[in-house]
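Residues per chain are reported as follows:
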Amino acid sequence: MSQLFKLSILLLVQLFLVPGWAEEYEITKVLEKDVIRAIDHPKFSSSVPPSTSVIGVEINGEARAYPIAILSSHEVVNDVVGGIPITVTW
């Protein structure tokens with residue numbers, strides 16, 4: 001796990017533990033609802049470089065790796081892994 005990822009998680013946890021933190025921030029709507037389409041039938045490649053950051057899932061002996069670079073532009077992948085329907089979000 002990268003140091004940046006650990007730091008991001010730590011900051012999020014700390015923010016949620018501080019009463020009233022949300023009152024200091026304004027939420028800005030950038031995109032309309034459903035503008036970013038989910039990937040419903042992902043295709044996988046065996047030629048992904050080893051340094052690629054991924055979200056990994058293993059269910060019932062079947063493993064998948066969802067690259068962060070792709071999730072950053074789609075945000076949601078609907079898939080079936082090990083016979084179980086899942087949704088991966090970023």
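Here, every reference points to the structure presented above.
Every value quoted in this text rests on a predicted model; they were computed, and no experiment measured them.

Calculation criteria
- Residues numbered from 1 in each chain as written.
- Predicted model: local features only at pLDDT ≥ 70, side-chain atom pairs only at ≥ 80, totals over all residues.
- Heavy atoms only, no water.
- Helix = DSSP H or I, 4+ residues; strand = E, 2+ residues; numbered from the N terminus.
- Phe/Tyr/Trp six-rings, centres within 6.5 Å; stacked < 30°, edge-to-face > 60°.
- Pairing = 2+ DSSP bridges.
- Salt bridge = Lys/Arg side-chain N within 4 Å of Asp/Glu carboxyl O.
- Buried < 20%, exposed > 50% of the residue type's maximum accessible area, 1.4 Å probe, protein only.
- Core = buried A, V, L, I, M, F, W, Y, C linked by side-chain atoms within 4.5 Å.
- Polar contact = N/O pair within 3.5 Å; in protein donor to acceptor, adjacent residues only side chain to side chain.

This next bit is on unusual backbone geometry. Glycine aside, a negative phi is what most residues show, and trans is what most peptide bonds show. Positive phi values are uncommon outside glycine, yet N60 reaches one of about 50°. In this model, E75 sits at a positive phi of 70°, which is unusual for a non-glycine residue. Tracing the sequence through the fold places E75 in the loop between α2 (68-74) and β3 (76-81).

Summed over the entire model, instances satisfying the criterion amount to 1 aromatic pair. With centroids separated by 5.6 Å and ring planes inclined at 70°, the aromatic side chains of F44 and Y66 adopt a geometry described as edge-to-face. Placement of F44 in the loop between α1 (3-17) and β1 (54-59) and of Y66 in strand β2 (residues 62-67) is noted, with a sequence separation of 22 residues between them.

Let us look at the pairing of strand β4 (residues 84-89). Of the pairings in the sheet, the one linking β3 to β4 comprises 6 bridges and is antiparallel in character. Bridge pairing links V76 to T89 in β4. Linking β3 back to β4 in an antiparallel pair, the connection comprises 2 residues, with G82 at a positive phi of about 60°.

A few words now on the pattern of salt bridges. Within this structure, the stated rule accounts for 2 salt bridges. As a salt-bridge pair, E62 and R64 come within 2.7 Å of each other at their nearest N and O atoms. Among the residues examined, E62 registers a relative accessible area of 29% and is labelled partly exposed. A salt bridge links R64 to D79; the nearest nitrogen and oxygen atoms lie 2.5 Å apart.

Note that soluble globular proteins tend to have their nonpolar side chains buried in a common cluster. Of all hydrophobic cores here, the largest spans 9 residues; its members are I39, V57, Y66, I68, L71, V77, V81, I86 and V88. Elements represented by at least two residues in this core include exactly α2, β3 and β4.

It is worth spelling out the side chain of D79 at this point. Tracing the chain through its elements places D79 in strand β3. Relative accessible area serves as the criterion here: at 12%, D79 is assigned to the buried category. At a separation of 2.5 Å, a polar atom in the side chain of D79 contacts the side chain of R64.

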